[in-house]
Amino acid sequence: MECLYWVLGFLLLAARLPLDAAKRFHDVLGNERYPGYMREHNQLHGWSSDENNWDEKLYPVWKRGDARWKSSWKGGRVQAVLTSNSPALVGSDITFAVNLVFPRCQKEDANGNIVYEKNCRNDSSLSPDLYVYNWTAAWSEDSDQGTGPGGHHVFPDGKPFPRPHGWRKWNFVYVFHTLGQYFQKLGRCSVRISINTANLTLGPQVMEVTVYRRYGRAYVPIAQVRDVYVVTDQIPVFVTMSQKNDRNVSDETFLRDLPIIFDVLIHDPSHFLNESSIYYKWNFGDNTGLFVSNNHTLNHTYVLNGTFDLNLTVQASVPGPCPPPSTLPKPTPSSVPAGDSPVELSKIPDENCQINRYGYFEATLKIVEGILEINIIQVADVPRPVLQPDSSLVDFTVACKGTIPREVCTIVSDPTCQLAQDMVCDSVDVDEACLVTVRRAFKGSGMYCVNFTLGDDTSLALTSTLVSIAGKDAASPFRMVSAALISGGCLAIFVIVTAILVYRKHKEYKPIKNSAEKVVRGKGLRVILSHTKAAFFPGNQEKDSLLKDHSGLL
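Summarised in this report is the structure supplied together with it.

Rules behind the numbers
Residues numbered from 1 in each chain as written. Predicted model: local features only at pLDDT ≥ 70, side-chain atom pairs only at ≥ 80, totals over all residues. Heavy atoms only, no water. Pairing = 2+ DSSP bridges. Helix = DSSP H or I, 4+ residues; strand = E, 2+ residues; numbered from the N terminus. Axes fitted to C-alpha atoms, helices over the stretch in contact; angles between N-to-C directions. Buried < 20%, exposed > 50% of the residue type's maximum accessible area, 1.4 Å probe, protein only. Contact = heavy atoms within 4.5 Å. 1 Å grid on protein atoms, 1.4 Å probe; cavity = no way out; pocket = protein on both sides within 12 Å on 5 of 7 lines; lining within 4 Å. Points joined across faces, edges and corners; volume = space filled by probe spheres on them. Nonpolar A, V, L, I, M, F, W, Y, C, P; charged D, E, K, R; others polar.

1. Details of the sheet that holds strand E6 (residues 114-116)
Stage number 1. With respect to topology, three strands assemble into an open sheet ordered E5-E6-E9, the strand pairing being antiparallel. Each of the sheet's edge strands pairs with one partner strand only, and the pair in question is strand E5 (106-108) and strand E9 (131-133). The mean angle between the axes of side-by-side strands here comes to 35°, regardless of whether they run parallel or antiparallel.
Stage number 2. Bridge analysis of E5 against E6 gives three bridges, and the strand direction is antiparallel. The residue bridging Lys 107 from the neighbouring strand is Val 115, located in E6.

Spelled out as structure tokens, the structure:
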């Protein structure tokens, strides 16, 4: 009898050995644990538990640092780039994309093969071969019975490959893993998947992806990648703030008595909130009260100098979990419509439950005085200079409103205001009347577009005019000049100048990112214009300043 017990024990132990030796998905894909990591199953529809067995014979497992990684791909290593549209509001969909980056001079062709690019030199030589991997030829030699028992047209858990049209061009196997579940996908050098976040745990989570390639009747790992994504119960919002004549891109300083345009952008790539009623509640911190609007843009003007705390609350109604039936009010007989029973009424909230979600934005704004407006009030011809007989001089008188400018720049361009010809910037002393006379030289007759920019420490103001320079009149020592004011919104030169000198201010919701952002603060108009001038005009074409004689005359 003792011998029989010993034999039975041996058989039971032998029967357990294959199970104990078999690798599971969490052994292969979950080797690292992160702060707050939780293995939760059955949260993702269509995904499988990572307790399932992994076919290590068909899909070998290499640890990080294994020497076999170096020979997993001809010509170098393949990099996998994983991105997502995180953060995601709970209940919405989040999309992940994986893109494979091949070694230099390699690409995927229309048939899914990996080929060498034409005329591309790798290590100073052209490859004599066309193919890196000719999988089309491999498929022609492959048996079509690979999805049966013991076949190789299967995923790591043994499930057969799907066979839609063109599936033979898909030679990469992607295994996604998060929250104790995995998803397998057959694809080319780029794939995308989406998951719904309704049942996911709030906060940062980790998505891991392992990529395999075809290798005869088996598969070889070529890349692994992971990235953090965020599920939140707050609506991700950021706000752009812009103002006419505002100068600095990086500070939070705006001008008094000019409207600031606030534009709220909601991060909702899956359009989860498309059918929701969204309300924006503004408190500008200047005792003007609470503003409620259903429009994502709003203008507000501060009329006092100082520092103000801006607060925005965004509210949206979205589908959400319903309370359990025990918390619902019990209907009275008088409240039950004919044909409805109390049981049927308790199911109605389960079908159409709505909950409110909120997003928040805060900023501290500094309001100061600045240049509010400038206008060209006079254009006058100047007698022809003796030293420059072929040039015409024109005086422009520019009036300003607000603070006194400290710098004046002019840009002369063609009549379409698209092709800049010359730019000059100078400091200037202006009296309290805020009148500036700018003298410019024109070398030939014709129509010119002239742009003026007046600036101080906090503001920039722009205006433009079209100037017609006539040919020399034999009976007069003067050349005739006429001018017409033009709208800045209609001219491309304003787009160029604005892009260089006037920037939009941004405050944004910042999700977790892979790299740190760098904010470069402006150092003043002179530096900006110097860089701009160096880029567009390597040499200053106007060597005679003409503005040194009188203060306020440029």
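2. Points about the environment of Asn 52
Stage number 1. With respect to the element layout, Asn 52 can be found in the loop between strand E1 (48-49) and strand E2 (79-84).
Stage number 2. Asn 52 gets classed as partly exposed once you look at its relative accessible area, which sits at 32%.
Stage number 3. Linking Asn 52 and Arg 24, residues 28 residues apart in sequence, is a C-alpha distance of 5.5 Å.
Stage number 4. The residues contacting Asn 52, other than those within four sequence positions of it, are Lys 23, Arg 24, Phe 25 and Tyr 182.

3. Thoughts on the sheet that holds strand E13 (residues 203-215)
Stage number 1. Here we have six strands laid out as an open sheet, ordered E1-E11-E10-E13-E14-E3, and mixed in their pairing. The two strands at the open ends of the sheet, each matched to only one other strand, are E1 and strand E3 (88-89).
Stage number 2. Sheet topology places strand E10 (residues 172-178) next to E13; six bridges connect them, and they run antiparallel. Bridge assignment links His 177 to a residue of E13, and that residue is Glu 208.

4. A word on the pairing of strand E20 (residues 297-300)
Stage number 1. The alternating pattern of E20 places Leu 298 and His 300 on a buried face, while none of Thr 297 and Asn 299, on the opposite face, is buried.
Stage number 2. In this structure, strand E17 (residues 260-266) lies alongside E20, joined through four bridges in antiparallel fashion. Looking at the pairing, Ile 261 lines up with Asn 299 of E20.

5. So, the pairing of strand E14 (residues 218-232)
Stage number 1. Buried residues dominate E14, accounting for 11 of its 15 residues.
Stage number 2. Pairing of E13 with E14, which is carried by 13 bridges, proceeds in the antiparallel orientation. Opposite Val 211, over in E14, you have Ala 223 as the bridge partner.
Stage number 3. Between E13 and E14, which pair antiparallel one after the other, the connecting turn spans two residues, and Gly 216 there sits at a positive phi close to 65°.

6. Concerning empty space enclosed by the protein
Stage number 1. Applying the stated criterion to the full structure yields five cavities of 30 Å³ or more.
Stage number 2. There is about 70 Å³ of room inside the largest cavity.
Stage number 3. Leu 89, Ser 92, His 267, Asp 268 and Pro 269 are the residues nearest the centre of the largest cavity, which is lined by 13 residues in total.
Stage number 4. A per-class count over the lining of the largest cavity returns eight nonpolar, three polar and two charged.

7. Description of the environment of Ile 374
Stage number 1. As for its placement among the helices and strands, Ile 374 is situated in strand E23 (residues 371-382).
Stage number 2. For Ile 374 and Gly 402, which are 28 residues apart along the polypeptide, the C-alpha to C-alpha distance reads 9.1 Å.
Stage number 3. With residues near it in sequence (within four places) discarded, Ile 374 still touches Val 398, Ala 399, Cys 400, Phe 452, Leu 454, Ala 461, Leu 462 and Thr 463.

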